[in-house]
Amino acid sequence: MKKIYSTTIINTGGREGEVYSPDKSFSYQVTSPGPHKENKTNPEQLFAAAYSSCFNSALELVMGQKNIHSKSTVKATVSLFSDEETGFQVGVVLSVKIDDVDHATAEELVKAAHEVCPYSKATKGNISVELEVE
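Residues numbered from 1 in each chain as written. Predicted model: local features only at pLDDT ≥ 70, side-chain atom pairs only at ≥ 80, totals over all residues. Heavy atoms only, no water.

1. Quick word on the sheet that holds strand β5 (residues 72-83)
Think of a sheet as strands paired side by side through backbone hydrogen bonds, with each pair either parallel or antiparallel.
Okay, step 1: Overall, mixed pairing links the 3 strands, which are arranged β5-β6-β7 in an open sheet. Both edges of this open sheet fall to β5 and β7 (128-133), since each of them pairs with a single strand only. Within the sheet, the average angular offset between the axes of one strand and its neighbour, ignoring direction, is 15 degrees.
Okay, step 2: Both β5 and strand β6 (residues 87-98) contribute to a ladder of 12 bridges, which runs antiparallel. Note on β6: the bridge partner recorded for T77 is V93.
Okay, step 3: The strands touched by helix α1 (residues 43-65) within the sheet are β5, β6 and β7, with β5 carrying the most contacts at an inclination of about 140 degrees.
Okay, step 4: Packing of helix α2 (residues 103-116) onto the sheet brings it into contact with β6 and β7, and relative to β7 it is tilted by some 155 degrees. (Pairing = 2+ DSSP bridges. Helix = DSSP H or I, 4+ residues; strand = E, 2+ residues; numbered from the N terminus. Axes fitted to C-alpha atoms, helices over the stretch in contact; angles between N-to-C directions. Contact = heavy atoms within 4.5 Å.)

2. Things to note about the domain arrangement of the protein chain
Okay, step 1: Annotation of the protein chain at the domain level lists domain 1 (10-40) and domain 2 (42-133).
Okay, step 2: Contact residues are listed per partner, giving 8 residues for domain 1 and 6 residues for domain 2.
Okay, step 3: Here domain 1 meets domain 2 over a buried area of about 480 Å², counting both sides, of which 67% is carbon and sulfur.
Okay, step 4: In terms of surface lost to domain 2, no three residues of domain 1 exceed R15, V30 and P33, which account for 62% of the buried area on that side.
Okay, step 5: Inspection of the region where domain 1 meets domain 2 yields 1 salt bridge.
Okay, step 6: Note that E44 and R15 form a salt bridge whose closest N and O atoms lie 2.6 Å from each other.
Okay, step 7: There are 1 residue pair in polar contact (both at pLDDT 80 or more) connecting domain 1 and domain 2.
Okay, step 8: The residue inventory of the side of domain 1 that touches domain 2, partitioned by class, reads 4 nonpolar, 2 polar and 2 charged. (Domains from an automatic or database assignment. Buried area = accessible area lost by both parts, 1.4 Å probe. Salt bridge = Lys/Arg side-chain N within 4 Å of Asp/Glu carboxyl O. Polar contact = N/O pair within 3.5 Å; in protein donor to acceptor, adjacent residues only side chain to side chain. Nonpolar A, V, L, I, M, F, W, Y, C, P; charged D, E, K, R; others polar.)

3. Considerations on unusual backbone geometry
Okay, step 1: Located in the positive-phi region is K24, a residue other than glycine, with phi close to 65 degrees.
Okay, step 2: Along the chain, K24 falls in the loop between β2 (18-20) and β3 (27-30).
Okay, step 3: Non-glycine residue D100 carries a positive phi angle of around 60 degrees.
Okay, step 4: Following the sequence through the fold, D100 ends up in the loop between β6 and α2.
Okay, step 5: According to the relative accessible area criterion, D100 is exposed, its value standing at 79%. (Buried < 20%, exposed > 50% of the residue type's maximum accessible area, 1.4 Å probe, protein only.)

Rendered as structure tokens:
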């Protein structure tokens, strides 16, 4: 496999610390999920941002291959679950809207994007990922 990109993010302090890139171009204070804390994020929000961005890019690729040039929006809802047997797990719901495309075509495009998206491939069989077409 040919590597096309690599990045490094460092965490100190776990869920009550910070995440940053070595050059400090990326830097966030992190906290546990719960009540909003000013200027802080959490790992679930960061994962939702990354997955929605990656999935929408995969969707745009699939649409481009089919010569469809519509605007798409992907909303990722990441939930943190507690399970007495296995500990903690995350689950994702991807809600996708594609302008000017009928529902059946949108569903086909979303399923194809799910096969292309690196995040979808990484989570396949590991966590629950639900696809919704608006």
